[in-house]
Amino acid sequence: MAEKRVSRWYFGGLASCGAACCTHPLDLVKVHLQTQQEVKRRMIGMAVHVVKTDGLLALYNGLSASLCRQMSYSLTRFAIYETVRDVMGSRNQGPMPFYQKVLLGAFGGFTGGFVGTPADMVNVRMQNDMKLPPEVRRNYKHAIDGLYRVFREEGVRRLFSGATMASGRGALVTVGQLACYDQAKQLVLGTGLMGDNILAHFLSSFIAGGCATFLCQPLDVLKTRLMSSKGEYTGVTHCLRETAKLGPLAFYKGLVPAGIRLVPHTVLTFIFLEQLRKHFGLRIVP
């Protein structure tokens with residue numbers, strides 16, 4: 001009987017960091033598209049504008065905050081989801097039903113979204129900083145400097161600005177990624193056409209990335225606007241109303257770059273995760 005391995009609780013955070021290093025420029029362009037009030041540039045035009053204005057390395061502005069976010073947000077949601085799933089799977093001697101995966105994914109994502117809100121806010125601010133006039137830029141040196149300055153200058157409550165939106169988005173994206181990945185992988189392997197290999201992981205994670213993008217885009221737009229604001233919104237409801245004035249499609253502004261960023265990010269995360277599990281996971285004795 002083939003040896004079985006399960007992920008360690010921190011593998012999700014490591015895999016997400018690896019994926020973030022590859023997809024960060026797409027995430028930065030997505031933030032720029034979502035925070036422009038009027039549609040002046042599309043994805044490629046925005047990327048070219050960033051490079052021309054601030055140089056090629058500007059595409060990696062805020063990378064430290066992105067990695068900090070993955071080690072708080074993604075580590076938490078993966079740790080909760082995979083730990084509970086593996087425990088319940090061993091008790092039931094079989095895979096969890098899909099509705100249980102959805103509920104578990106929503107809980108893990110909601111918790112991870114709340115834990116990762118401070119790093120997420122600093123990430124958005126650092127990416128959006130170059131769009132502001134030089135005299136009003138925040139100029140955070142790195143993620144830790146950003147967290148410390150927000151705490152010192154704006155207080156603890158500001159660190160968790162947009163936490164409700166981030167938690168809601170975290171729940172949706174985790175359902176789309178983790179629950180849908182597990183279900184898609186189960187169905188793909190159930191066909192018998194391919195084994196538990198990198199091709200199956202790619203196909204399953206591609207499906208999961210598409211589901212996650214569709215589910216979380218409206219909340220992602222609102223979250224980005226709230227976190228990058230300088231006090232123009234009084235709360236989530238006010239931000240919702242102001243965004244709605246721009247038309248229904250405003251909630252899906254940046255959908256293409258969001259998909260182009262989230263789908264590869266999801267694919268890379270699960271490929272890295274499966275390789276970590278395969279080579280460094282905990283051995284399970286049959």
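Residues numbered from 1 in each chain as written. Predicted model: local features only at pLDDT ≥ 70, side-chain atom pairs only at ≥ 80, totals over all residues. Heavy atoms only, no water.

As named in an unreviewed UniProt entry, the chain is Mitochondrial dicarboxylate carrier, taken from Tetraodon nigroviridis. Per UniProt, the chain has the following entry under Subcellular location (unreviewed entry): "Mitochondrion inner membrane". The UniProt entry for the chain carries the following comment under Sequence similarities (unreviewed entry): "Belongs to the mitochondrial carrier (TC 2.A.29) family." (UniProt positions renumbered as here; feature names shortened; annotations may be inferred.)

Points about the overall build of the chain
Secondary structure summary: the chain contains eleven helices and two strands in total. Listing each helix as α and each strand as β along the chain from the N terminus yields β-α-α-α-α-α-α-α-α-α-α-α-β. Whereas a compact globule of 286 residues would reach a radius of gyration of roughly 19 Å, the chain reaches 19 Å, a difference of no more than 12%. Principal-axis analysis of the C-alpha atoms gives the chain an extent of 65 × 35 × 35 Å. Within the chain, buried positions represent 51% of all 286 residues. (Helix = DSSP H or I, 4+ residues; strand = E, 2+ residues; numbered from the N terminus. Rg over C-alpha atoms; globule rule 2.2 N^0.38 Å. Buried < 20%, exposed > 50% of the residue type's maximum accessible area, 1.4 Å probe, protein only.)

Section: the UniProt feature "repeat: Solcar" (unreviewed entry) in the chain
Taken from the UniProt record, the annotation "repeat: Solcar" (unreviewed entry) applies to residues 3–87, 100–187 and 196–279. The span residues 100–187 is 78% helix and 0% strand, and its two end C-alpha atoms sit 16 Å from each other. Note that residues 196–279 is 77% helix and 0% strand, and that its end C-alpha atoms are spaced 14 Å apart.

Comments concerning helix 1 (residues 11–35)
Maximum bend of helix 1: about 65°, positioned at T23, with proline P25 one to four residues after it. Taken across its 25 residues, helix 1 has 20 buried, putting it largely inside the fold. (Bend = angle between axes of the 7 residues up to and from the residue.)

Some thoughts on the packing of helix 8 (residues 163–190) against helix 9 (residues 198–228)
At a closest axis distance of 7 Å, the pairing of helix 8 and helix 9 adopts a crossing angle of 170°. Taken together, the axis directions place helix 8 and helix 9 in an arrangement best described as roughly antiparallel. In the contact of helix 8 with helix 9, the residues fall into 21 nonpolar, six polar and four charged. (Axes fitted to C-alpha atoms, helices over the stretch in contact; angles between N-to-C directions. Parallel < 35°, antiparallel > 145°, perpendicular 65-115°, else oblique. Nonpolar A, V, L, I, M, F, W, Y, C, P; charged D, E, K, R; others polar.)

Some words on the packing of helix 5 (residues 117–128) against helix 6 (residues 143–154)
For the pair helix 5 and helix 6, interaxial distance at closest approach is 9 Å and the crossing angle is 105°. As judged from the angle between their axes, helix 5 and helix 6 are roughly perpendicular. Counted together, P118, A119, M121, V122, R125 and M126 of helix 5 and A143, G146, L147, V150 and E154 of helix 6 form the full contact between these two elements. For the contact of helix 5 with helix 6, the class distribution of residues is eight nonpolar, one polar and two charged. (Contact = heavy atoms within 4.5 Å.)

Re the nonpolar core
Judged by nonpolar contacts, the single largest core of 15 residues is most densely connected at F78, Y81, L104, L178, F270 and L273. Elements that contribute at least two residues to this core include exactly helix 1, helix 3 (63–92), helix 8 and helix 11 (255–280). For this core, the element with the most residues is helix 8, which contributes four residues. Dropping the residues within four chain positions of it, L178 is found in contact with R77, F78, Y81 and F270. By size, the runner-up hydrophobic cluster in this structure holds twelve residues, among which are V31, M121, V150 and A166. (Core = buried A, V, L, I, M, F, W, Y, C linked by side-chain atoms within 4.5 Å.)

Observations concerning helix 6
The periodicity of an α-helix, 3.6 residues per turn, causes residues three or four places apart in sequence to face the same way. A rise of 1.5 Å per residue sets the reference length of helix 6, with its twelve residues, at 16 Å; its end C-alpha atoms lie 16 Å apart and thus fit the reference within 8%. Residues A143, D145, G146, R149 and V150 constitute the buried set of helix 6. Along the axis of helix 6, the buried positions cluster into a sector of 155°, meaning they face one direction only. In helix 6, those exposed residues whose orientation departs by more than 90 degrees from the buried face are I144 and R152. Downstream of helix 6 by one or two residues, G155 has phi in the positive range, about 95°. (Expected span 1.5 Å × (residues − 1). Arc of directions from axis to C-beta.)

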